[in-house]
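An overview of the molecular structure
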Amino acid sequence: MAIHYYKQADKNASSNDTQTHEVVSRMLAEIEAGGEAKAREYCRELDGWEGDVIVSRDQIEAAREKVPEQLKQDIHFAYERVSRFAAAQRDSIQGFETELSPGLFAGQKLIPMETAGCYVPGGRYAHIASAIMSVATAKVAGVKNVVACSVPRDENGIHPAILYAMDLAGADVILQMGGVQGIASMAFGLFTGKPADILVGPGNRFVAESKRQLFGRCGIDMFAGPTEIGIIADHSADPDIVVEDLVGQAEHGPDSPAWLFTTSRELAEAVDQRIQARIDDLPETQRKAADAAWRDYGEIIVCDTREEAVEVSDRYASEHLELQVEDLDWWMERLNSYGSLFVGEEASVAFGDKCSGTNHILPTKGAARYTGGLCAQKFLKIVTYQRQSREATRTVAATAARLSRCEGMEGHARTGDIRLAKYYPDERFVLAVEEDV
Ligand SMILES: NC(=O)C1=CN([C@@H]2O[C@H](COP(=O)(O)OP(=O)(O)OC[C@H]3O[C@@H](n4cnc5c(N)ncnc54)[C@H](O)[C@@H]3O)[C@@H](O)[C@H]2O)C=CC1
Ligand SMILES: O=C(O)[C@@H](O)CS(=O)(=O)O
Ligand SMILES: [Zn+2]
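Residues numbered from 1 in each chain as written. Chains lettered and ligands numbered in written order. Predicted model: local features only at pLDDT ≥ 70, side-chain atom pairs only at ≥ 80, totals over all residues. Heavy atoms only, no water.

Turning next to the domain arrangement of the protein chain. When the parts of a complex come together, some accessible area is lost, and that lost area is often taken as the interface size. Taken domain by domain, the protein chain consists of domain 1 (17-221), domain 2 (226-372) and domain 3 (389-423). On a C-alpha basis, the centroid separation for the pair domain 1 and domain 2 is 27 Å. The interface of domain 1 with domain 2 comprises 20 residues on the first partner and 20 residues on the second. Summed over both sides, the interface of domain 1 with domain 2 buries roughly 1,500 Å², with 60% coming from carbon and sulfur. On the domain 1 side of the interface with domain 2, the three residues burying the most area are Arg124, Tyr125 and Met133, jointly 39% of the side's total. On the surface where domain 1 and domain 2 come into contact, there are one salt bridge. Between Lys365 and Asp17 there is a salt bridge, and its shortest N-O distance comes to 3.0 Å. Among the residues making up the side of domain 1 that touches domain 2, the classes are represented as eight nonpolar, seven polar and five charged. (Domains from an automatic or database assignment. Contact = heavy atoms within 4.5 Å. Buried area = accessible area lost by both parts, 1.4 Å probe. Salt bridge = Lys/Arg side-chain N within 4 Å of Asp/Glu carboxyl O. Nonpolar A, V, L, I, M, F, W, Y, C, P; charged D, E, K, R; others polar.)

This paragraph deals with the coordination of the zinc ion (ligand 3). Donor atoms from the polypeptide that bind the zinc ion (ligand 3) are Gln249 (OE1), His252 (NE2) and Asp353 (OD), placed at 2.0 to 2.4 Å. Positions of the donor residues of the zinc ion (ligand 3) along the chain correspond to the pattern Q-x2-H-x100-D. A residue pair is termed long-range when its members are at least 10 positions apart, and Gln249 in helix α8 (residues 239-250) and Asp353 in helix α13 (residues 349-354) qualify at 104 residues. (Donors = N, O, S within 2.8 Å, 3.2 Å for Na, K, Ca; no water. Helix = DSSP H or I, 4+ residues; strand = E, 2+ residues; numbered from the N terminus.)

What follows is about the site of ligand 1. Residues in close proximity to ligand 1 total 30 residues, the closest being Asp47, Tyr119, Arg124, Asn204 and Thr227. The separation between an oxygen atom of ligand 1 and a polar main-chain atom of Asn204 is 2.8 Å. A distance of 2.7 Å separates an oxygen atom of ligand 1 from a polar atom in the side chain of Thr227. Burial of ligand 1 by the protein amounts to 86% of the accessible area it has alone, namely 870 Å². At the level of elements, α1 (17-47), α6 (179-188) and α7 (205-214) are the ones that each hand at least two residues to the shell around ligand 1. In terms of residue count, the dominant contributor to the shell around ligand 1 is α1 (four residues). Taken together, domain 1 (17-221) and domain 2 (226-372) each give at least three residues to the shell around ligand 1, which thus spans both. (Near = heavy atom within 4 Å. Polar contact = N/O pair within 3.5 Å; in protein donor to acceptor, adjacent residues only side chain to side chain. Areas by Shrake-Rupley, 256 points an atom, 1.4 Å probe, with all protein chains shown as cover.)

By nearness alone, every residue bordering ligand 2 is listed as His127, Thr227, Gln249, His252, Glu319, His320, Asp353, Lys354 and His360. His252 places a side-chain nitrogen or oxygen 2.8 Å from an oxygen atom of ligand 2. Here ligand 2 loses 93% of its free accessible area of 290 Å² to cover by the protein chains. Across the shell around ligand 2, the residue classes break down as no nonpolar, six polar and three charged.

Where the residue is not glycine, phi is negative for most of them; where a peptide bond is considered, it is trans in most cases. Of note, the phi angle at Phe191 is positive, near 70°, even though the residue is not glycine. For Phe191, the location among the structural elements is in the loop between α6 and β7 (198-200). On the accessibility criterion, Phe191 (13% relative accessible area) is buried. Its identity as a non-glycine residue notwithstanding, Ala317 has a phi of 50°, on the positive side. (Buried < 20%, exposed > 50% of the residue type's maximum accessible area, 1.4 Å probe, protein only.)

Let us now look at the packing of aromatic side chains. Inspection of the entire model under this criterion finds five aromatic pairs. Ring plane angle 75° and centroid distance 5.0 Å describe the contact between Trp330 and Trp331, whose orientation is recorded as edge-to-face. In this structure, Trp330 and Trp331 share a single accessibility class: buried. Each residue in the set Trp259, Phe261 and Tyr316 is aromatic and connected to the rest through ring pairs, giving one cluster. Directly above the ring of Trp294 sits Lys7, whose terminal nitrogen or CZ lies 5.1 Å from the centroid. If you follow Arg394 out to its NZ or CZ, it ends over the ring of Tyr424, 4.2 Å from the centre. (Phe/Tyr/Trp six-rings, centres within 6.5 Å; stacked < 30°, edge-to-face > 60°. Lys NZ or Arg CZ within 6 Å of the ring centre and 35° of its normal.)

The strand order β2-β3-β14 describes an open sheet built from three strands, whose pairing is antiparallel. The open sheet has two free edges, formed respectively by β2 (96-101) and β14 (380-388), since each of these has just one partner strand. When the angles between neighbouring strand axes are averaged without regard to direction, this sheet yields 25°. The sheet contact formed by strand β3 (residues 104-112) and β14 spans nine bridges and is antiparallel. The residue bridging Pro112 from the neighbouring strand is Leu380, located in β14. (Pairing = 2+ DSSP bridges. Axes fitted to C-alpha atoms, helices over the stretch in contact; angles between N-to-C directions.)

To continue, consider the pairing of strand β13 (residues 340-343). With four bridges joining them, strand β12 (residues 320-324) and β13 adopt parallel strand pairing. Across the sheet, the residue bridging to Leu323 is Val343, located in β13. Once the chain exits β12 it traverses helix α12 (residues 328-334) before rejoining the sheet at β13, and the crossover so formed is right-handed. (Right-handed = clockwise from strand over helix to strand, strands pointing away.)

Before going further, it helps to examine the nonpolar core. The tendency in soluble globular proteins is for nonpolar side chains to be buried side by side. Ranked by size, the top nonpolar core spans 42 residues in total, and within it Met166, Ile174 and Phe379 carry the most contacts. Of all the elements in the fold, those that place two or more residues in this core are α2 (57-66), α3 (69-91), β4 (115-120), α4 (128-141), β5 (145-150), α5 (160-169) and β7. With sequence-adjacent residues up to four places away left out, Met166 is seen in contact with Val120, Ala131, Val135, Ala148, Cys149, Ser150, Ala171 and Ile174. (Core = buried A, V, L, I, M, F, W, Y, C linked by side-chain atoms within 4.5 Å.)

This paragraph deals with the confidence of the model for the protein chain. Chain-level pLDDT for the protein chain is 97 on average; 100% of the residues reach the 70-or-more range. Interface confidence for the predicted complex, expressed as ipTM, amounts to 0.97; the pTM equals 0.95. (pLDDT = per-residue confidence, 0-100.)

A side chain with one charge may pair with a side chain of the opposite charge, provided their charged atoms come close. By the definition in use, this model includes 29 salt bridges. Asp327 is paired through a salt bridge with Arg306; the nearest N and O atoms lie 3.3 Å apart. Pair noted here: Asp327 is in the loop between β12 and α12 and Arg306 is in helix α11 (residues 306-316), with a separation of 21 residues, a long-range link. Note on Arg306: relative accessible area 31%, which makes it partly exposed. For Arg405, the salt bridge identified is with Glu410, shortest N-O distance 3.0 Å. A cluster of three or more residues bridged by salt bridges with shared partners is formed by Arg26, Glu30, Lys38 and Glu41.

Have a look at this one:
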């Protein structure tokens, strides 16, 4: 039993970490100190934008005019499916109350966060679908203030189709500002006066690192950095489709990993031989990104057994994982770490990316070991409460007092004592464990 690297990458998702960390922490500190003026300065310097930061209603109407009818229908198609899936996920968890012992009631409530900051990437491509994924999901969860931001594309600001999608999905305020300065503005409440309770959305390494550094001051969805794809394929897979799907995600950027885990050496050879031609056939921007991504981050791993393929795939914890294999149920039962699973040849990652309904904001860089992707629950605080009858305090207060005293916490214990003395003045309770522990 063994695994063999048919093609091994020189880099991994952490390769640029030190430089990114330094750039981001400096920029966040400067923007916090310098406020809106500093954020505008970075926006001018990095993205060449000097216009208004808050998008006006007139600008949104002008964008609507520019978006062709077919594209509007396609955006609606995606919006309906993503919202419906988000609503089904939201409904899968509920508030409840249960009686734990006579007179002692405990419950769970779901409370939407007040303000969400939704980052919509827009440096290399116009990520129209990302606007729906974050904004619509926040609204389904019941968030009151949804602030969205994206990079100004040219002298007219944010790409019109991104603006249209943000507006359709229910954004309350839209900022034309990208990168670290966009994230910082939402976190600190610049331009809106409403600091985000949670920051969500995908982005490049600077965006993902900004969210990571701000975590704690506010919530974040997860680490959603440069896109990754893993494909598990066996002898039954069509090598041309495997190649197209790897290249399809490698075009995201020069730091987007694409991994093939296969039990078939023949498939590994076929993919290796055919992939460069498909990369070379892309238009220039996409070709440059995919070429560097496959060269630096692409891997083909041949495994002797299916069990080894499961183990390796779980270790990589791909953001997107495709299954192009026989006996799909066998794999589905065993795989544990991935952001979203695309089961069978028919289900391309690109369908989920754009419109099929599952959320495309997903964990990268191994984060799928501990979290799934964006869902309505990420915008909900799952809080608890309790209430109890006086009768129930007989046991609860006395037990809490005894436990508190054993812990050395006299103040805690006395909150039980005082209630028992008030409710049952004529009774004696054992309020401390006599024996030494
Ligand atoms: N994990 C996920 O769920 C998803 C991830 N993505 C990823 O989002 C990313 C989008 O990246 P981009 O096109 O670049 O758009 P972006 O909007 O994430 O980043 C563009 C911004 O980066 C900033 N920037 C660029 N170079 C910088 C530097 N040297 N120092 C400081 N700031 C700098 C600029 O201010 C610019 O506004 C891709 O890596 C893609 O793979 C996209 C969709 C989903
Ligand atoms: O990482 C992702 O989820 C992206 O692939 C989504 S998209 O292709 O940018 O829509
Ligand atoms: Zn994609």
